[in-house]
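Results of the structural survey
Take a look at the letters that make up each chain.
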Amino acid sequence: MFNYAYYTLGSREEAEDVTQDVLVRLWDHWSRLNQEAVTGWIIRVARNTCLDRLRQRQTRTALLQEHFKDA
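To keep things clear, this report deals only with the structure shown in the data block. (Residues numbered from 1 in each chain as written. Predicted model: local features only at pLDDT ≥ 70, side-chain atom pairs only at ≥ 80, totals over all residues. Heavy atoms only, no water.)

1. As for the overall build of the protein
Within the protein one finds three helices and zero strands. Its C-alpha radius of gyration of 15 Å places the protein more than 25% over the 11 Å reference for a compact globule of 71 residues. In terms of overall dimensions, the protein has a C-alpha envelope of 55 × 20 × 15 Å along the principal axes. By residue count, 25% of the 71 residues in the protein fall in the buried class. Across the protein, every contact between residues at least 6 apart in sequence was considered, and the portion connecting residues at least 24 apart equals 50%. By element, 53% of the accessible surface of the protein is carried by carbon and sulfur atoms, the whole surface being about 5,600 Å². Side-chain charges in the protein split into 10 positive and 10 negative, and the spacing between the mean points of these groups amounts to 4 Å. (Helix = DSSP H or I, 4+ residues; strand = E, 2+ residues; numbered from the N terminus. Rg over C-alpha atoms; globule rule 2.2 N^0.38 Å. Buried < 20%, exposed > 50% of the residue type's maximum accessible area, 1.4 Å probe, protein only. Contact = heavy atoms within 4.5 Å. Areas by Shrake-Rupley, 256 points an atom, 1.4 Å probe, with all protein chains shown as cover. Lys, Arg positive; Asp, Glu negative; His and termini not counted. Charge placed at Lys NZ, Arg CZ, Asp CG, Glu CD.)

Here's what the structure looks like:
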């Protein structure tokens, strides 16, 4: 999970954050998960969390570019 997040995001700190987020979600949903599907669930949640972070980067970058373009 960490390696996937690090490869996707290119940042050790963000990969650690994603790993922690996924583990907290796993803890919260453990009783409702099908134990045979846990690996797939973890991969899906890690992927979606990484994509969310990439979207946040794009939004943040676009806002900063717009702000400094007008300045």
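That covers the picture; the talk isn't over yet.
2. What to know about the side chain of Glu14
Along the polypeptide, Glu14 turns up in helix 2 (residues 12-29). Exposure remark for Glu14: the relative accessible area of 17% places this residue in the buried category. Only 2.3 Å separates the side chain of Glu14 from the side chain of Arg57, close enough to count as a polar contact. Other than its neighbours up to four places away in sequence, Glu14 contacts Leu9, Arg53 and Arg57. (Polar contact = N/O pair within 3.5 Å; in protein donor to acceptor, adjacent residues only side chain to side chain.)

3. Quick word on the nonpolar core
Of all hydrophobic cores here, the largest spans 13 residues; its most connected members are Val18, Val22, Leu26, Trp41 and Ile42. Per-element tally for this core: the top contributor is helix 3 (residues 38-70), with six residues. Contact partners of Val22, with chain neighbours within four places excluded, come to Met1, Trp41, Ile42, Val45, Ala46 and Thr49. (Core = buried A, V, L, I, M, F, W, Y, C linked by side-chain atoms within 4.5 Å.)

Interpretation note: all reported values are geometric properties and have no functional meaning in isolation.
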